[in-house]
Amino acid sequence: MRNAICLAFVMFAACGDDGGGGTSTHKDAAVDSPRPIDAAVDAPLDAPKVYMDAMWPMAHHHYVLDRVLLPNTNTQARAYGLDLNGDMTVDNQLGMVFSTLAGMGFDNQTPMTQAIDKGTAIMLADINADALSTAPFAAFTIYQGANPMPPACSSPSDIVCRKHLTGSGSFSLKANAPVDPALQGSISGTGTLVAGPGHLTIQVSMLGSVPATVTLIGARVELMPTATSFMGKLGGGVSMSDINTKVLPAMRDGVAIAVARDCTMLMSPPACGCAADTTGKTMLGLFDTTPKDCMVTLAEIQNNSLIQALFAPDVTLENQMALSLGVSVGAVKGMFTAPM
């Protein structure tokens, strides 16, 4: 096992370097929105506020994310990443971590998919643009959703679920969830929405855990929207505060789930009754260090040398160190009322 871990880490280090509708008047657009390049020439600085309001998009297009794909390979990590800091290099170090963990047998995608399918992770998206084919001004944001109608699953025995992801589902906004200012951008003649930087709050799973809610800083998106769906990728930096208080605790919870499932003698260390070649046995071998007690604490994960190497920050965004993340996303039409 130790040799496998070392090999995975060496491979990681080597590869990592390759590295609808509604309306809004937007009354404050003249103050808060960037002035178009032509505005400085074509309009005086004290131009009437209605000039800017007339240029800002008026149509909101609403969606719900129906898939979030986490990288399982280094190739996917590079494909899902974005240049977050303007150095002409794709940034997706946390994506590389997902790839490395997948190579060691850890499944992050299944719990992420199940959370979306069963409605435990609901991410609502708003694209504000006059047209989805091309628009000089556009905006994008994500809200945390709740109360899908119809419910995600038709019954407790429904193993497929996804009843709320047919394109006709309605949702409410999750109470007390973060509301991020929209990312500003445009839709090019090819129909690609490019927006950012800013903040996006998303949910992401780690090692079989319930998805953790993290706020991406320096976030950017590249999406191909239509009236009924969109696909593309989003990325940003996960702050070290979110890594330590959200991501690693979620990882600890995922470890606990696997150990409880695969190990039957938790009062009998060091073997702990774990079935051979199971995720629970592997996780105890990796993280249950001092003392050997058939359980893994947050401190044991935080102090693990492999975790410290994998989760080292790789980008500086908004004057703070962060771990870059890029994922592939898709969405279908969804109905909800966004805050004004």
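The preceding data block contains the structure.
Here is what the cut-offs are and how they apply
Residues numbered from 1 in each chain as written. Predicted model: local features only at pLDDT ≥ 70, side-chain atom pairs only at ≥ 80, totals over all residues. Heavy atoms only, no water. Helix = DSSP H or I, 4+ residues; strand = E, 2+ residues; numbered from the N terminus. Areas by Shrake-Rupley, 256 points an atom, 1.4 Å probe, with all protein chains shown as cover. 1 Å grid on protein atoms, 1.4 Å probe; cavity = no way out; pocket = protein on both sides within 12 Å on 5 of 7 lines; lining within 4 Å. Points joined across faces, edges and corners; volume = space filled by probe spheres on them. Nonpolar A, V, L, I, M, F, W, Y, C, P; charged D, E, K, R; others polar. Phe/Tyr/Trp six-rings, centres within 6.5 Å; stacked < 30°, edge-to-face > 60°. Buried < 20%, exposed > 50% of the residue type's maximum accessible area, 1.4 Å probe, protein only. Expected span 1.5 Å × (residues − 1). Bend = angle between axes of the 7 residues up to and from the residue. Disulfide = S-S within 2.5 Å. Lys, Arg positive; Asp, Glu negative; His and termini not counted. Salt bridge = Lys/Arg side-chain N within 4 Å of Asp/Glu carboxyl O. Contact = heavy atoms within 4.5 Å.

**Student:** Kindly report on the overall build of the chain, identifying the contributing residues and their values.
**Tutor:** In terms of helices and strands, the chain carries 11 helices and 11 strands. Carbon and sulfur atoms form 59% of the exposed surface of the chain, whose accessible area is close to 15800 Å².

**Student:** Explain the layout of surface pockets to me, using residue names and the numbers behind them.
**Tutor:** Approximately 350 Å³ is the volume found for the second largest pocket. Lining the second largest pocket are 20 residues, with Pro111, Gln114, Leu207, Gly208 and Ser209 positioned closest to its centre. Only helix H7 (109–117), helix H8 (240–262) and helix H9 (279–287) provide two or more residues apiece to the lining of the second largest pocket. Split into classes, the residues belonging to the lining of the second largest pocket amount to 9 nonpolar, 8 polar and 3 charged.

**Student:** Would you mind going over unusual backbone geometry in detail, with residue names and values included?
**Tutor:** Residues Met149 and Pro150 are joined by a peptide bond in cis, for which omega reads 5°. When you line up the elements, Pro150 lands in the loop between strand S3 (135–149) and strand S4 (170–173). For the bond running from Pro269 to Pro270, omega is 5°, close enough to zero to count as cis. Structurally, Pro270 can be placed in the loop between H8 and H9. The phi dihedral of Met88 is positive, around 65°, even though this residue is not glycine.

**Student:** Before we move on, can you summarise the packing of aromatic side chains with the specific residues and values?
**Tutor:** Applying the stated criterion across every chain, the model contains 3 aromatic pairs. Consider the rings of Tyr63 and Phe230, whose centres lie 5.0 Å apart with planes at 70°: the pair is edge-to-face. Pair noted here: Tyr63 is in strand S1 (residues 60–69) and Phe230 is in strand S9 (residues 229–239), with a separation of 167 residues, a long-range link. Exposure class is identical for Tyr63 and Phe230. Each is buried. With centroids separated by 6.1 Å and ring planes inclined at 80°, the aromatic side chains of Phe140 and Phe230 adopt a geometry described as edge-to-face. With Phe140 in strand S3 and Phe230 in strand S9, this residue pair connects regions lying 90 residues apart in the sequence. Pairwise contacts between aromatic rings join Tyr63, Phe140 and Phe230 into one cluster.

**Student:** Got a sec to walk through H8? Specific residues and values, please.
**Tutor:** Over its 23 residues, H8 runs 31 Å from end to end, which matches the ideal 33 Å to within 8%, given 1.5 Å per residue. At Val247, H8 shows its largest bend, some 25°, and a proline, Pro249, comes one to four positions later. Considered for burial, the residues of H8 that qualify are Asp242, Ile243, Val247, Leu248, Pro249, Ala250, Met251, Gly254, Val255, Ala258, Val259 and Asp262.

**Student:** Residues and numbers for the state of the cysteines, please.
**Tutor:** Summed over the entire model, instances satisfying the criterion amount to 3 disulfides. Note that Cys153 is cross-linked by a disulfide to Cys161, the S-S spacing being 2.0 Å. Residues Cys153 and Cys161 are joined through a disulfide that is right-handed, its torsion about the S-S bond being 100°. With relative accessibility at 25%, the residue Cys153 sits in the partly exposed group. One disulfide in the model links Cys263 with Cys274; its S-S distance is 2.0 Å. One disulfide, between Cys263 and Cys274, carries an S-S torsion of 100° and so falls in the right-handed class. Of this pair, Cys263 sits in the loop between H8 and H9 while Cys274 sits in the loop between H8 and H9, and the two are 11 residues apart along the sequence. The buried category is assigned to Cys263, whose relative accessible area is 3%. Using a relative accessible area of 14% as the deciding quantity, one classes Cys274 as buried.

**Student:** Any chance you could break down the side chain of Asp180 for me, citing the residues and the numbers?
**Tutor:** Inspection of the secondary structure puts Asp180 in the loop between S4 and strand S5 (183–187). Despite being buried, Asp180 has no salt bridge partner; Lys246 is the closest side chain of opposite charge, sitting 9.6 Å away. Those residues in contact with Asp180 that lie beyond four places of it in its chain are Thr141, His199, Leu200, Thr201 and Thr215.

**Student:** Tell me what's going on with the pattern of salt bridges, and back it up with residues and numbers.
**Tutor:** This structure, assessed with the given rule, holds 7 salt bridges. Taking the shortest distance from any N to any O, the salt bridge between Asp253 and Arg252 comes out at 2.8 Å. Using a relative accessible area of 38% as the deciding quantity, one classes Asp253 as partly exposed. Bridged by salt links that share partners, the residues Asp66, Arg67, Asp117 and Arg162 form one connected network.

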